Amino acid sequence: MHSKEQISHDEYQKTSDWLMSHTKHRPIVAIICGSGLGMLADTLKCQDSFDYSDIPGFPQSTVQGHAGRLVFGELKGKSCVCMQGRFHMYEGHSLLKTTFPIRVFKLMGVETLIVTNAAGSLADGLRPGDIMIIKDHINFPGLVGLNPLCGPNDEKFGPRFPAMSGCYDKGLRSLVMELAKQMGVSSLVQEGVYAMVGGPNFETIAEAKLLHRLGVDAVGMSTAPEVVVATHCGLRVFGLSLITNKVRQQSQILIVNNHNSYFSALFHKSVTNKECSNLRNG
Ligand SMILES: O=P(O)(O)O[C@H]1O[C@H](CO)[C@@H](O)[C@H]1O
Ligand SMILES: Nc1nc2[nH]cnc2c(=O)[nH]1
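Residues numbered from 1 in each chain as written. Chains lettered and ligands numbered in written order. Predicted model: local features only at pLDDT ≥ 70, side-chain atom pairs only at ≥ 80, totals over all residues. Heavy atoms only, no water.

- Under an unreviewed UniProt entry, the chain has the name Purine nucleoside phosphorylase and belongs to Poecilia mexicana.
- What UniProt records for the chain under Sequence similarities (unreviewed entry) is the sentence "Belongs to the PNP/MTAP phosphorylase family."
- Word for word, the UniProt comment on the chain under Subunit (unreviewed entry) is "Homotrimer." (UniProt positions renumbered as here; feature names shortened; annotations may be inferred.)

## Considering the overall build of the chain
Part 1: Along the backbone of the chain there are nine helices and nine strands.
Part 2: Buried positions account for 46% of the 282 residues belonging to the chain.
Part 3: Nonlocal contacts in the chain, meaning residues at least 24 apart in sequence, comprise 79% of its contacts between residues at least 6 apart.
Part 4: As presented, the chain carries roughly 14,300 Å² of accessible surface, and 55% of it is formed by carbon and sulfur atoms. (Helix = DSSP H or I, 4+ residues; strand = E, 2+ residues; numbered from the N terminus. Buried < 20%, exposed > 50% of the residue type's maximum accessible area, 1.4 Å probe, protein only. Contact = heavy atoms within 4.5 Å. Areas by Shrake-Rupley, 256 points an atom, 1.4 Å probe, with all protein chains shown as cover.)

## A closer look at the UniProt feature "binding site: a purine D-ribonucleoside" (unreviewed entry) in the chain
Part 1: The positions that UniProt labels "binding site: a purine D-ribonucleoside" (unreviewed entry) are, in the present scheme, Glu203 and Asn245. In sequence the annotated residues extend across 43 residues, while in space they remain close, none of their C-alpha pairs exceeding 12.1 Å.
Part 2: Tracing the backbone shows glutamate 203 in the loop between β7 (189-196) and α6 (205-213).
Part 3: Beyond its immediate stretch of four places on either side in the chain, glutamate 203 contacts Val197, Ala208, Leu211, Val219 and Val247.
Part 4: The residue asparagine 245 is located in strand β9 (residues 236-246) in this model.
Part 5: Residue asparagine 245 is classed as partly exposed on the basis of its relative accessible area of 29%.
Part 6: Excluding its chain neighbours within four sequence positions, the residues that come into contact with asparagine 245 are Ala119, Gly120, Ser121 and Pro128.

## A few points about the site of ligand 2
Part 1: All residues in the neighbourhood of ligand 2 are listed as Ala118, Ala119, Gly120, Val197, Phe202, Glu203, Val219, Gly220, Met221, Thr244, Asn245 and Val247.
Part 2: Contact between ligand 2 and glycine 120: a nitrogen atom at 3.3 Å from a main-chain N or O atom of the residue.
Part 3: In the environment of ligand 2, a nitrogen atom lies 2.7 Å from a nitrogen or oxygen atom belonging to the side chain of asparagine 245.
Part 4: Among the elements of the structure, β5 (112-121), β8 (218-220) and β9 are those that each provide at least two residues to the shell around ligand 2. (Near = heavy atom within 4 Å. Polar contact = N/O pair within 3.5 Å; in protein donor to acceptor, adjacent residues only side chain to side chain.)

## Describing the side chain of serine 79
Part 1: Mapped onto the secondary structure, serine 79 falls in strand β4 (residues 78-84).
Part 2: Within the structure, the side chain of serine 79 is placed 3.4 Å from the backbone nitrogen of arginine 26, a separation counted as a polar contact.
Part 3: Each residue touching serine 79, except ones within four places of it in the same chain, is listed here: His25, Arg26, Pro27, Ile28, Val29, Gly73 and Glu74.

## Quick look at the UniProt feature "binding site: phosphate" (unreviewed entry) in the chain
Part 1: Here, UniProt's "binding site: phosphate" (unreviewed entry) annotation points to Ser35, His66, Arg86, Phe87, His88, Ala118 and Ser222. A compact arrangement is adopted by the annotated residues: their sequence extent is 188 residues, whereas the largest C-alpha distance between any two is 13.7 Å.
Part 2: Beyond its immediate stretch of four places on either side in the chain, serine 35 contacts His66 and Ala118.
Part 3: Relative to the assigned elements, histidine 66 resides in the loop between β2 (45-51) and β3 (69-75).
Part 4: Assessed through its relative accessible area of 6%, histidine 66 is described here as buried.
Part 5: The residues contacting histidine 66, other than those within four sequence positions of it, are Cys33, Gly34, Ser35, Ser61, Gln84, Gly85, Arg86 and His88.

Spelled out as structure tokens, the structure:
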């Protein structure tokens, strides 16, 4: 199951040196923009940007909506680097390639990683448009040995057996909750558990029920490998899921003959009734 692929410390260093010699920015924060969130990078001031195809050693983005560009710039006076487009296992990238930028960021002097993603909700209280602050994750591929840290360990980056409890920094989570309150948007923001599945297909109903029973609040196909590698090399991590859809946990058992019967069913049943909620959200 394990790939024989290895990436040497020198290879990460070469990419880091190339980037540092092509920009004056010295970022301390790296942001990975999830699906549909690439515009986060547009808020950076004094930008220097590089197509992934021009950066030595960098993998290429193949997913629609992931531009494939690394953008350096300033956000509120802090030097940042943004990935407009990440790499997913389902694209055929090895997990080492998927997480390649993280170690490059570490060598560039980055201290904090912000990961964002688009995810489906399994929690009743998380609706499309809400934001979930990731308090913990379940790395399903990792649990069966699909982990970027498999293979020889490079002690220069971190230990053979890194702890993952507390990998989503508590201080940063509290700070963002507090900021959401101050901005008057706390009703849209809550903490939860993210699960990574391999994808690229979405969940069957049985899989969705399983995830729900396991305490998963939101599911996606990314993030966990990046967070594992970042935590291994000592980066502070903060993660956000933008909820894009509800994950259907029940078949549509209300038979819809025509629009009238559908709408009257919606109006006359309680909004908390599961069948109706599923129809509205599915
Ligand atoms: O996790 P990000 O990159 O935001 O993308 C999410 O959106 C895609 C599915 O629409 C999957 O790749 C899923 O992981
Ligand atoms: N696996 C998975 N990934 C997603 N990314 C965005 N929505 C979803 C979803 O419903 N399931």
